[in-house]
Amino acid sequence: MQIVAAVFVENFEMREAPGPSTRIDMTGVMFSQAAPQPVPLTLSPHLVALIFCPEGQSGSGVFEVVFRRGLTEESEQVARNVSPFTVEPGKFTYRLVKGELDFEEYGQIFAHCRVDKGSYTIVPFTLLPPAD
């Protein structure tokens, strides 16, 4: 299985389309956010990942997200989420993860996402100072 896309979003909705086919409406896709108040603070951004399972695979997997303060696996871990899932081979599924991220200062946290023990897809999230 593979991650097709992973992004932080404000809103995520599924709807049916003719076919039958499914549409995913994502709004407020973001990689940064102005802090609602000065640090320290905790934010809970929503990360959505789209995962594809090729034909001939089992369709069972584990989605893992490790939020880190850096790009490497040795970087400080801030939070972690692990969730098993199933998907019909030849189809897509999604995983929605709400991280509880503590910020002591403005800067970046990276969501390290993977299926089973595969390679990480890294998604940055930057906390900016409050807007004036």
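Residues numbered from 1 in each chain as written. Predicted model: local features only at pLDDT ≥ 70, side-chain atom pairs only at ≥ 80, totals over all residues. Heavy atoms only, no water.

(A) View of the overall build of the protein. The number of helices and strands found in the protein is zero helices and 12 strands. Order of helices (α) and strands (β) in the protein, N terminus to C terminus: β-β-β-β-β-β-β-β-β-β-β-β. Summarising its shape, the C-alpha atoms of the protein cover approximately 50 × 35 × 15 Å along the three principal directions. Burial statistics for the protein: of 132 residues in total, 36% are counted as buried. Counting every atom, the protein has about 7600 Å² of accessible surface; 49% of that belongs to carbon and sulfur. Each charge sign in the protein was given a centre, from 10 positive and 16 negative side chains, and these centres are 6 Å apart. (Helix = DSSP H or I, 4+ residues; strand = E, 2+ residues; numbered from the N terminus. Buried < 20%, exposed > 50% of the residue type's maximum accessible area, 1.4 Å probe, protein only. Areas by Shrake-Rupley, 256 points an atom, 1.4 Å probe, with all protein chains shown as cover. Lys, Arg positive; Asp, Glu negative; His and termini not counted. Charge placed at Lys NZ, Arg CZ, Asp CG, Glu CD.)

(B) Broad picture of the environment of His112. Note on placement: His112 falls in strand β11 (residues 107–115). Residue classification places His112 among the buried residues on the basis of a relative accessible area of 0%. As for His112 and Gln77, which are separated by 35 residues in sequence, their C-alpha atoms are 10 Å apart. Residue contacts for His112: discarding those within four places in its chain leaves Glu64, Val65, Val66, Arg68, Gly70, Leu71, Thr72, Tyr120, Thr121 and Ile122. At a separation of 2.9 Å, a polar atom in the side chain of His112 contacts the main-chain carbonyl oxygen of Gly70. (Contact = heavy atoms within 4.5 Å. Polar contact = N/O pair within 3.5 Å; in protein donor to acceptor, adjacent residues only side chain to side chain.)

(C) Representation of the sheet that holds strand β8 (residues 77–86). The strand order across the open sheet formed by five strands is β4-β12-β11-β7-β8, and the pairing between neighbours is mixed. Both outer strands of the open sheet, β4 (32–34) and β8, are each paired with one neighbouring strand and no more. Within this sheet the neighbouring strands show an average axis-to-axis angle of 15 degrees, counted without direction. Where strand β7 (residues 60–68) lies against β8, nine bridges are found, and the strand directions are antiparallel. The residue bridging Phe67 from the neighbouring strand is Ala79, located in β8. (Pairing = 2+ DSSP bridges. Axes fitted to C-alpha atoms, helices over the stretch in contact; angles between N-to-C directions.)

(D) Broad picture of the packing of aromatic side chains. Following the criterion strictly, the structure yields four aromatic pairs and no others. Ring geometry for Phe103 versus Phe125: centroids 6.4 Å apart, planes at 50 degrees, classification tilted. Of the two residues, Phe103 sits in strand β10 (residues 101–103) while Phe125 sits in strand β12 (residues 121–128), which places them 22 residues apart along the sequence. The burial state of Phe103 is the same as that of Phe125; both residues are buried. (Phe/Tyr/Trp six-rings, centres within 6.5 Å; stacked < 30°, edge-to-face > 60°.)

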